[in-house]
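# Inside the fold
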Amino acid sequence: MTAEWIRKRYKFIYLLFQELLLLGICLFGLGYRIGIGAPLGFPLAAGVLSVFLLTWILDLRPRERLFAFLALAGCMFLAALAAGEAGTAFFASYRIWLMDGEAWNPEWQSGYEVMQAVLAAVLCCLFGRLTDRFFPVRAVLAGVLAALLAVSLFGGLQTGHAGAVLALWYGVMTAAEYVRLRWEKRKEADAALYTVWLLPVGLLFLVLMLMMPTPQEAYDWAFVKAAYGRIRESVITHAHSLVRGGGEDFGVSFQGLSEDGGLGGDLREESRELFRIESDSLFRTNLYLAGASYDRFDGRKWEKTCHEEEPWRVLDAAETVSAVQAWAQTPSDHLWYTQFGVSYGWFRTGYLFAPLKTRTIQDTEYENDGGDLRFGMQRGYGTSYRIGYYQINTGAPDFYELLESGSAAGGSEPEEAEASGAGSEAAGQETGSAETEAVGQKTGSAESETAGQEMGSAGQGIAGSEDAMRSAKQEELETLLADYGAQNRGTQAGELTPEDMERYRENVRANYGEGVRLSPGVKSWLDQVLDGAETDVEKLRALEYALSVLEYTQTPGALPERVKDAGSFLDHFLLETGRGYCSYFATAFVLLARSQGIPARYVEGFCVPARQKRSVAVTSDMTHAWPEAWLEGFGWIPFEPTPGFRDVRYTPWKTSGGARADDFAAPKATLPARPDGQDADPDTEGEAADEGADGVQMDRRAVWGRIFRTAGAGLAVLLGCLLAALWADRAVRSRRFARMGLTERFLYVLRQDLWLLSLLGLVRGETETLQEFRERCGKTLETESPASLAFYEELRYGDKAVPDPALEEALREREELLSRIRDGGRLRYWLARFRLGG
Amino acid sequence: MRRNRIVFAVLWLLSLAGISFYGGAVSYGFFFCMTLIPAVCLLYLLAVYFCFHIYQEIGQRDVVCSQPVSYYFVLQNESFFAFAGLGVTLFSDLSYVEDIPDGMEFELLPGDRYPFHTRLVCRYRGEYEVGVKEIAVRDFLRLFSVRYRNPGTIKALVKPRIPVLSVLRTLPEALEYARRENRLAKDWPDVTARDYQPGDPLKRVHWGAAAREGKLKTREEYGEQKEGIVLFLDTKRYGTDRREFLPLENRMLEIVLALGMVFVRENLPFSFYWGQRQPRSMQVERMPDFDALYGQMCELAFDPLEDPEAMPEALAGSGRLNGSRIVVGVLHELGSAVLELADRLAREGTLVVLYLTGAGKRGRPVPQNEPLLRIVEIPTEADLEELL
């Protein structure tokens, strides 16, 4: 019954649907542009009612329609009469409102909106009729709506959710009707009836679309990126396993430095490139890239028990920089800011290798882990990041004087500053960035300036009491903390406070300052070494020297069973063997420093001979272990007790005041084969200073070259895939053709002939018989009627088998048709050939 | 359909790009619109799959090969939404339906009904599915298509056709033999006579035949004359594809039935042998025997394990060959054993006619100078009435 009713009234339903849809688009999509603030409510009701009424009236027979319009007019007239002057005033104000856009009477705003909705409904009705009669008009309207949506998207114009959805839905329904129009099938019903019966599906689609969210922000694809990252890592891991062999963090473990900081055993010789570092300017010193640091030693291996997530590296850098800025007369003598990039090769690790005094790490996310920097997951080939850090001029005598003066808890006497401001310098500036911080600037007053500003009148120097200096340093520190925190992209991004710094100091003391029980023998040895050393710096330097004269060997042998704690290790190493490799010396240094109450830690990473270079390949044989000691008020300072590494570690640059060379005696141990730690060429040192002052310069040509190479490779791969796909398609078609029987082959070729005929404008009509079509083809092409069609006719209606000549005839005709197409245009011919597949 | 998919894919990618750079109702609306389209289309196809029913029937299940039988099927939509595109594929390898173009698509709105009263013709003997094979459903945007086998297929039991031959061109001797036998049997239905040989007993003289022919004739004793006709059939199944062996077997059976019908019509009794591993035979003299033969042929199962080379042995075991006047074989391959047998029989005065069906193997060259050995090649799809 319902189906019958719908079949009778389908036109009305269809028109109503079209017009209501257009009304919905008007009100919800463009409503605010025609003065309708909130479509829901009276405007919508009025609009729907108007559409319904008009559609119903227009659906009536002519005489009934006339009466209906007359009745409607009569009702409106009576309503106007009943309204009286108020009605006249309303329409007058409405006209004004239309012109100016401002309500003459604000109380009548809803009335205006109702009027607008009614007018929109009338227009939609008319449009609906027009689009029903002429389908191209509907297609054009759908295109206009799409264009409007595009304009609102790119122009940032406001578009309501419902309005956009309805406009899109209109496009989809129009597309469905268009598809039906071009669809060759047996269809007996009207397009309108078809659309009406498709409405249940269409409405489901509309409801689902309306339920979908539409956030204001663009999608960040975090999930997809994470998934992509995992898949990529997985693929690379497996590829690497196939090529190189598996293992995690193997780059570090190959050199006897186990992932968990174990000692003992012999080192293996291996040199394999792991990653590359590239700086914008020449490195002033060699590079010690720290990976993992450890705080607990059980006699045989180091263990990391401290996993604080605060940005200790940044805090440490801030501590040191603030100390240098506050105390040093010429900060650039002690610190130099440099940036460099790291790109991993065939190397997988969870560690982010960065030097001490790292201030910024860009282009990657990372986590802080008790002073170490780690990725969230293993990263490998293609991983890259940029580091901004301060090179420390260790080895320069001035540096140790600075340490001496400020190494007391809370920072003690600073360097005496000269009264003139001639010493002011902006060292290590980054150019090209608005956030450039001038390191080594001398403050002009007791109040520190914010980072990035150059101090022009810093000439007064910092004189005064220790408290004043401490205060100045504290202020400097607070400024740097705020600045560094903003640049920190680790797990705890955001502004850092002095409370964070204090908490960090307490953690350092607690985790790295644990005392060590020494045996009498070691104690005696230590007393001899530290004889005459009073300050922490002197003690540390004495320890460093004492260890550096021991014997270096890559094959110290296994640790004896009796080595079970720190004390027994020291006994074994210092008193029994006196030989080992870097891990031994670093461990001994840390333990001995802790025994003197100085917090110290064991660090593993890479020792890279980068001095005077811009680009260095870091290989697996550059893995190294070294100690770092924490000086109150200054931060972590690295030392190098391993014999033979002194010249690698201590490559100071020329300072403004003192000489370059340190005053250590040469080590007595035979130097093992190590990467060259080249001495600085005095002639190029100035260049290094000059170049260090230059801004960041990108090798644009290298970048563009990489882009073009990648694009070229991608295009080549795409082309290759396309050709392969084409070839495969042809092969499959050929094979399929070869396996066909005679009849199937004939029909296959015949279909191609019919398609070629359609290209020539010859398409069989719906009521045209095969014979008529055949004759028409013959006349149009001015040749004999296609014989293949005759064979087809016999096959189809005469149930006769396809004779052998039929296939040959069809193939011959195919070639003829192709030659005709070629006469009409080469491009068309080649496209046809391509489509036929030969 | 491919073009629609390409357009859809491009639009979907654009929508992805849109939401990657812009938020808001338009970009997300477009993205969800494009993403929901395939989901809704697939749901629609699923709904059509469950809602659509096809009904078909044939006039009778037992069908004779090449004889049209009434066939009816109807497409109808009993649901509440339109079926945008339904395609019907018929079984066409072994049968065809008249007046219904294969692969045509239909649009079915609720309440629409397309009945088809037509005829179905089965080409070959056997039991196989006929009628609607597959149904293809397409969505309203022509993006996706689902093909599924018709769950309610019809299985027809197709019997072989009995070709009616007005003349037997390839074996006129049989008709001549038939005419002679019938003439003799008119007066003496069950007696045959030969020329009088000196020494024949007088009481065996056939005076009626002698008077008719003007010379003395002696009644033949049982077993004295050569028997009539022997017909044998190779029952090996050649090939594994139904489209290969069914036409061949069908043709061979038609030859047997055509010849059998001629013989019976001309009152020529014949012996029919088939099967090599388990040789079987039957005597066919009258129409009831032929009906029985037809029944046997309807149920005959060709066997790939049968060996044509074993045929002479099977026939020799029957003991009827040497005494036969005409030996007719219906084969696909002409093996050397059969050819030797045929050659020997021909030299002994037996007319041997071998009907070779299809393009089978030939064991060795056929002897050319043997007038009593005849080989007739019958293509599988050729007009049997004209060739035989």
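The structure reproduced in this document is the subject of the present report.

### What to know about the overall build of chain B
Helix and strand content of chain B: 9 helices and 19 strands. Per-residue burial over chain B gives 52% buried out of 388 residues. If you take every contact in chain B between residues at least 6 apart in sequence, the share linking residues at least 24 apart comes to 69%. Summed over its atoms, the accessible surface of chain B is roughly 18100 Å², and 53% of this surface lies on carbon and sulfur atoms.

### Brief notes about the overall build of chain A
Of the regular secondary structure elements, chain A holds 26 helices and 16 strands. Expressed as a percentage of the 838 residues in chain A, the buried residues total 47%. For chain A, the accessible area works out to roughly 40600 Å², and carbon and sulfur atoms hold 57% of it.

### A few points about the packing of helix α6 (residues 135-154) of chain A against helix α7 (residues 161-182) of chain A
All names here are of chain A. One way to put it is that α6 packs onto α7 with a least axis distance of 9 Å and a crossing angle of 145°. Crossing hand, α6 versus α7: left-handed. Of the residues in α7, those in contact with Phe135, Arg138, Ala139, Leu141, Ala142, Leu145 and Leu149 of α6 are Ala164, Ala167, Leu168, Tyr170, Gly171, Thr174, Glu177, Tyr178 and Leu181. The residue makeup of the contact of α6 with α7, split by class, is 12 nonpolar, 2 polar and 2 charged.

### Some points on the pattern of salt bridges
Residue and element names in this part refer to chain B. Across all of its chains, the model carries 41 salt bridges over all chains by this definition. The shortest N-O distance in the salt bridge between Arg138 and Glu105 comes to 2.7 Å. Taken together, the residues Arg138 in strand β9 (residues 132-138) and Glu105 in strand β6 (residues 105-108) connect sequence positions 33 residues apart. Accessibility assignment for this pair places Arg138 and Glu105 in one class, buried. Among the ionic pairs, Asp195 bridges to Lys217, the shortest N-O distance being 2.8 Å. Pair noted here: Asp195 is in strand β12 (residues 193-195) and Lys217 is in strand β13 (residues 217-219), with a separation of 22 residues, a long-range link. One salt-bridge network, held together by shared partners, links Arg161, Arg251, Glu254 and Glu385.

### Let's talk about the sheet that holds strand β6 (residues 349-351) of chain A
Residues and elements named next belong to chain A. Ordered by their spatial adjacency, 3 strands build an open sheet running β6-β9-β8, and the pairing between neighbours is antiparallel. Two strands in the sheet have a free side with no partner beyond their single neighbour: β6 and β8 (367-369). The sheet shows a mean angle of 40° between the axes of neighbouring strands, taken without regard to direction. For β6 and strand β9 (residues 372-379), the ladder comprises 2 bridges, and the chain directions are antiparallel. Within the sheet, the bridge partner assigned to Thr349 lies in β9 and is Arg379.

### Brief notes about helix α18 (residues 582-595) of chain A
Counted at 1.5 Å a residue, the expected span for α18(A) with its 14 residues is 20 Å, and the 20 Å between its end C-alpha atoms agrees. For α18(A), the buried fraction is high: 13 of the 14 residues fall into the buried class.

### Thoughts on the interface of chain B and chain A
Chain B puts 44 residues into the contact, and the matching count from chain A is 43 residues. Here chain B and chain A share an interface that buries about 3900 Å² over both sides, 71% of which is from carbon and sulfur atoms. When the buried surface of chain B facing chain A is broken down by residue, Val26(B), Glu107(B) and Phe140(B) rank first, second and third, together holding 15% of it. Joining chain B to chain A, the criterion identifies 3 salt bridges. Linking Arg180(A) and Glu107(B) is a salt bridge whose minimum nitrogen-to-oxygen distance equals 2.6 Å. At the junction of chain B with chain A, the criterion picks out 14 residue pairs in polar contact (both at pLDDT 80 or more). Put simply, the parts of the chain that give the side of chain B that touches chain A at least two residues each are α1 (2-21), α2 (25-51), β4 (83-90), β6 and β7 (113-122) of chain B. Among the elements that take part in the side of chain B that touches chain A, α2(B) stands out by supplying 12 residues, more than any other. Partitioned by chemical class, the residues of the side of chain B that touches chain A number 28 nonpolar, 8 polar and 8 charged.

### As for empty space enclosed by the protein
Residue and element names in this part refer to chain A. Taken as a whole and judged by the stated rule, the model has 13 cavities of 30 Å³ or more. Here the largest cavity is characterised by a volume of approximately 200 Å³. Considering the residues around the largest cavity, the lining is formed by 16 residues, among which Asn286, Tyr288, Ile392, Pro638 and Arg649 are closest to the centre. Of all the secondary structure elements, the ones that give two or more residues to the lining of the largest cavity are β2 (287-294), β10 (384-392) and β15 (623-631). Among the elements that line the lining of the largest cavity, the one with the most residues is β10, at 4 residues. The class makeup of the residues in the lining of the largest cavity is 10 nonpolar, 4 polar and 2 charged.

### Re the environment of Val522(A)
Residue and element names in this part refer to chain A. One can find Val522 in helix α15 (residues 520-529). Taking the C-alpha atoms as reference points, Val522 and His572, 50 residues apart in sequence, are found 9.7 Å from one another. For Val522, the residues in contact, after removing those within four places along its chain, are Leu570, Asp571, Leu574, Leu575 and Leu592.

### Some points on the sheet that holds strand β3 (residues 69-76) of chain B
Two pairing modes exist for strands in a sheet, parallel and antiparallel, and in both the strands are linked by backbone hydrogen bonds. Residues and elements named next belong to chain B. Here 4 strands make up an open sheet; going across it, the order is β1-β3-β7-β5 and the pairing antiparallel. Across the chains shown, the open sheet's two edge strands, defined by having one partner strand only, are β1 (53-58) and β5 (95-97). Put simply, the sheet's adjacent strands are angled 25° from each other on average, direction ignored. For β1 and β3, the ladder comprises 6 bridges, and the chain directions are antiparallel. Of the residues in β3, the one forming a bridge with Gln56 is Phe73.

Conventions and cut-offs
Residues numbered from 1 in each chain as written. Chains lettered and ligands numbered in written order. Predicted model: local features only at pLDDT ≥ 70, side-chain atom pairs only at ≥ 80, totals over all residues. Heavy atoms only, no water. Helix = DSSP H or I, 4+ residues; strand = E, 2+ residues; numbered from the N terminus. Buried < 20%, exposed > 50% of the residue type's maximum accessible area, 1.4 Å probe, protein only. Contact = heavy atoms within 4.5 Å. Areas by Shrake-Rupley, 256 points an atom, 1.4 Å probe, with all protein chains shown as cover. Axes fitted to C-alpha atoms, helices over the stretch in contact; angles between N-to-C directions. Left-handed = near helix turned anticlockwise from the far one by under 90°. Nonpolar A, V, L, I, M, F, W, Y, C, P; charged D, E, K, R; others polar. Salt bridge = Lys/Arg side-chain N within 4 Å of Asp/Glu carboxyl O. Pairing = 2+ DSSP bridges. Expected span 1.5 Å × (residues − 1). Buried area = accessible area lost by both parts, 1.4 Å probe. Polar contact = N/O pair within 3.5 Å; in protein donor to acceptor, adjacent residues only side chain to side chain. 1 Å grid on protein atoms, 1.4 Å probe; cavity = no way out; pocket = protein on both sides within 12 Å on 5 of 7 lines; lining within 4 Å. Points joined across faces, edges and corners; volume = space filled by probe spheres on them.

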